[in-house]
Amino acid sequence: KQEVTQIPAALSVPEGENLVLNCSFTDSAIYNLQWFRQDPGKGLTSLLLIQSSQREQTSGRLNASLDKSSGRSTLYIAASQPGDSATYLCAVKGNTPLVFGKGTRLSVIA
Amino acid sequence: GAGVSQTPSNKVTEKGKYVELRCDPISGHTALYWYRQSLGQGPEFLIYFQGTGAADDSGLPNDRFFAVRPEGSVSTLKIQRTERGDSAVYLCASSLMSASDYNEQFFGPGTRLTVL
């Protein structure tokens, strides 16, 4: 059974710092991995999707990498801003619909 | 175009009552998914539709939960004899197709269900 773990559970950084969020999964037989952002009381906003054949994806200040063989992904956020404060979730799709981690709650302090 | 919409945004009910939660997917998306998210947890899969049929309902916790998508667009999640443990945010997502590698899922804002 696929299990997804996100470390750290919570993170607080000063504005302007670069940061890395980690995601690991137990079954490397995946089709893709997706990173989401969730603001309090809101739904999920898709940030990046990495297909199993890809190593990384970039969107603006965000860069996500995937190492399928080791079961790991990282989300790199450059020059963090207070508006980046949210919970970040990673999810993997294998032969079942998306399996999510519990998320990393990020606070960027001005 | 419009994203995934869900109604109601909030639902408060009493233990033992019946509730229906509605999801309107993005137009043209053939795959539709229901998830449940408890406080401090990631979403957990409930059921997924490809067109009108439930392709995978393995995540439904018990037979009090049922979902339909009669015309391959709007879906309704139905919960009978609600229990306090059913309190959660119910999220709906849709994707263009499910079999492809590239099946980015787009989520609605969710329905927050509270069972008193």
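For clarity, every value in this text was computed on a predicted model and none was experimentally measured.

The next point concerns the sheet that holds strand E6 (residues 56–59) of chain A. Adjacent strands of a sheet pair through backbone hydrogen bonds, lying either parallel or antiparallel. All names here are of chain A. Taking strand neighbours across the sheet as the criterion, the five strands line up as E1-E3-E8-E7-E6 in an open arrangement whose pairing is antiparallel. Since the sheet does not close on itself, it has two edges, and those belong to strand E1 (4–7) and E6, each with one partner. Taken pair by pair, the neighbouring strands of this sheet meet at an average axis angle of 15 degrees, ignoring direction. In terms of strand pairing, strand E7 (residues 62–67) meets strand E8 (residues 72–77) through six bridges, oriented antiparallel. Considered in E8, the bridge of Asn 63 is made with Tyr 76.

On to the state of the cysteines. All told, the structure shown has two disulfides over all chains when counted by the stated rule. Paired by a disulfide, A:Cys23 and A:Cys90 hold their sulfur atoms 1.9 Å apart. Here the disulfide of A:Cys23 and A:Cys90 is right-handed, its torsion about the S-S bond being about 70 degrees. In this pair, A:Cys23 sits in strand E3 (residues 19–25) while A:Cys90 sits in strand E9 (residues 86–93), placing the two residues 67 residues apart along the sequence. The exposure class of A:Cys23 is buried, given its relative accessible area of 2%. Between the sulfur of B:Cys23 and that of B:Cys92 lies a disulfide, 1.8 Å long from S to S. Torsion about the S-S bond of the B:Cys23 and B:Cys92 cystine: about -65 degrees, corresponding to left-handed handedness.

Moving on, we get to the sheet that holds strand E3 (residues 19–24) of chain B. All names here are of chain B. Taken together, four strands build an open sheet; the order of strands is E1-E3-E8-E7 and the sheet is antiparallel. Only two strands of the sheet have a single partner each, and these edge strands are strand E1 (5–7) and strand E7 (65–68). Strand after strand, the sheet turns through a mean of 15 degrees between neighbouring axes, direction not considered. Looking at chain direction, E7 and strand E8 (residues 75–79) are connected through four bridges and run antiparallel. The partner of Val 68 across the bridge, within E8, is Thr 76.

Here the focus is the interface of chain A and chain B. Taken together, the contact between chain A and chain B spans 20 residues of the former and 21 residues of the latter. Of the roughly 1,600 Å² buried where chain A meets chain B, counting both sides, 55% is carbon and sulfur surface. The largest per-residue losses of area from chain A upon contact with chain B belong to A:Leu44, A:Pro97 and A:Lys102, which jointly make up 28% of the total buried on that side. Run the count over chain A and chain B and you get zero salt bridges. At the junction of chain A and chain B, the tally comes to three residue pairs in polar contact (both at pLDDT 80 or more). Considering only residue class, the side of chain A that touches chain B consists of eight nonpolar, nine polar and three charged.

What counts, and where the lines are drawn
- Residues numbered from 1 in each chain as written.
- Chains lettered and ligands numbered in written order.
- Predicted model: local features only at pLDDT ≥ 70, side-chain atom pairs only at ≥ 80, totals over all residues.
- Heavy atoms only, no water.
- Pairing = 2+ DSSP bridges.
- Helix = DSSP H or I, 4+ residues; strand = E, 2+ residues; numbered from the N terminus.
- Axes fitted to C-alpha atoms, helices over the stretch in contact; angles between N-to-C directions.
- Disulfide = S-S within 2.5 Å.
- Buried < 20%, exposed > 50% of the residue type's maximum accessible area, 1.4 Å probe, protein only.
- Contact = heavy atoms within 4.5 Å.
- Buried area = accessible area lost by both parts, 1.4 Å probe.
- Salt bridge = Lys/Arg side-chain N within 4 Å of Asp/Glu carboxyl O.
- Polar contact = N/O pair within 3.5 Å; in protein donor to acceptor, adjacent residues only side chain to side chain.
- Nonpolar A, V, L, I, M, F, W, Y, C, P; charged D, E, K, R; others polar.

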